[in-house]
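# Geometric and topological summary
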Amino acid sequence: MAVKDRDRFSTATRIKLLGEQTAARVYRSQTKRQARRSRLTGRAALLALVLCTLIVALAYPMRQYVSQRAEMADVQREREQARERVEELRDLKARWQDDAYAEQQIRLRLHYVMPGETGFIVIDPDAAEQSRADQGAADRPWYSNVWDAVDKADAAGDR
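Residues numbered from 1 in each chain as written. Predicted model: local features only at pLDDT ≥ 70, side-chain atom pairs only at ≥ 80, totals over all residues. Heavy atoms only, no water.

## Describing helix α3 (residues 42–97)
Helix length check: α3 (56 residues) gives 82 Å between terminal C-alpha atoms against 82 Å at 1.5 Å per residue, within 8%. The sharpest bend along α3 reaches about 35° and sits at A59, with the proline P61 one to four residues further on. (Helix = DSSP H or I, 4+ residues; strand = E, 2+ residues; numbered from the N terminus. Expected span 1.5 Å × (residues − 1). Bend = angle between axes of the 7 residues up to and from the residue.)

Right, dumping it as structure tokens:
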């Protein structure tokens with residue numbers, strides 16, 4: 001044992017031990033670097049390239065699909081509105097087939113009265129005054145009317 005202990009403290013043994021420890025550290029650091037480098041291999045890069053190509057190739061058809069689905073929804077909505085409008089018009093036609101409704105609308109819209117009744121039409125007094133003012137403007141020269149319009153616009157802007 002004495003030889004072994006003596007060998008243990010010799011300079012050559014110490015240098016050899018330091019060399020082995022240093023080699024182990026270098027080996028560990030190289031394996032870490034290799035692990036870092038090995039993340040992206042040629043196969044992984046090729047796979048990423050293929051995936052990107054597929055995404056780009058499918059983007060336009062997907063956009064077309066989505067836009068066509070939206071267009072189909074719009075057409076269906078318009079068709080439903082047209083169907084509702086047809087139903088409204090059928091109801092209106094059925095109402096006009098009724099003589100009482102037709103008579104009511106004729107009296108309301110055309111101001112017809114039944115024999116023996118007296119019809120009255122109420123005229124808005126403001127409308128009569130406006131028509132008289134317009135008649136007075138027709139008797140004057142055109143440049144007077146233009147000047148009066150400018151004065152009225154200026155007076156309205158001061159309010």
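## Here we look at the packing of aromatic side chains
Evaluated as defined, the whole model comprises two aromatic pairs. With 5.4 Å between their ring centres and 80° between their planes, W96 and Y101 make a pair best called edge-to-face. Look at W96 and you get partly exposed, because its relative accessible area is 35%. Among the residues examined, Y101 registers a relative accessible area of 16% and is labelled buried. (Phe/Tyr/Trp six-rings, centres within 6.5 Å; stacked < 30°, edge-to-face > 60°. Buried < 20%, exposed > 50% of the residue type's maximum accessible area, 1.4 Å probe, protein only.)

## A look at the packing of α3 against helix α4 (residues 99–110)
Close contact between α3 and α4 brings their axes to 5 Å; oriented N to C, the two are set at 90°. Here α3 lies roughly perpendicular to α4, going by the angle between them. For the pair formed by α3 and α4, the contact residues are L92, R95, W96 and Q97 on the first element and D99, Y101, A102, Q105 and R109 on the second. Looking at the contact of α3 with α4 residue by residue, the class counts come to four nonpolar, two polar and three charged. (Axes fitted to C-alpha atoms, helices over the stretch in contact; angles between N-to-C directions. Parallel < 35°, antiparallel > 145°, perpendicular 65-115°, else oblique. Contact = heavy atoms within 4.5 Å. Nonpolar A, V, L, I, M, F, W, Y, C, P; charged D, E, K, R; others polar.)

## Examining unusual backbone geometry
One non-glycine residue with positive phi stands out, namely H111, at about 60°. Considering the arrangement of structural elements, one finds H111 in the loop between α4 and α5 (125–139). Accessibility expressed as a relative area gives 55% for H111, which makes it exposed.

## Topic: a nonpolar patch on the surface
Together, L46, L47, L49, V50, L51 and L54 line one region of the surface with nonpolar side chains, adding up to about 570 Å² of accessible area. Along the polypeptide, L46 turns up in helix α3. Owing to a relative accessible area of 52%, L46 belongs among the exposed residues under this scheme. (Patch = residues over 30% accessible without salt bridge, like charges linked within 9 Å, V, L, I, M, F, W, Y side chains within 5 Å. Areas by Shrake-Rupley, 256 points an atom, 1.4 Å probe, with all protein chains shown as cover. Salt bridge = Lys/Arg side-chain N within 4 Å of Asp/Glu carboxyl O.)

## Overview of the pattern of salt bridges
Considering all chains together, one arrives at six salt bridges under this definition. A salt bridge links R83 to E80, with the nearest nitrogen and oxygen atoms 3.6 Å apart. Taken as a pair, R83 and E80 lie in helix α3 at a separation of three residues, close to a single helical turn. The partner of R90 in a salt bridge is E87, with the nearest N and O atoms 3.3 Å apart. Note that R90 and E87 are positioned in helix α3 at a spacing of three residues, about one turn of the helix. Under the relative-accessibility criterion, E87 is labelled partly exposed at 39%.

## Focus on α4
The end-to-end C-alpha separation of α4 is 16 Å, in line with the 16 Å expected for 12 residues at 1.5 Å each. Three or more residues of α4 are buried, namely Y101, A102 and Q105. Looking straight down α4, one finds its buried side chains confined to an arc of 95°; they lie on one side. In this structure, α4 carries D99 and A100 as exposed residues pointing more than 90 degrees from its buried face. If you follow the buried residues of α4, they end up packed against α3. (Arc of directions from axis to C-beta.)

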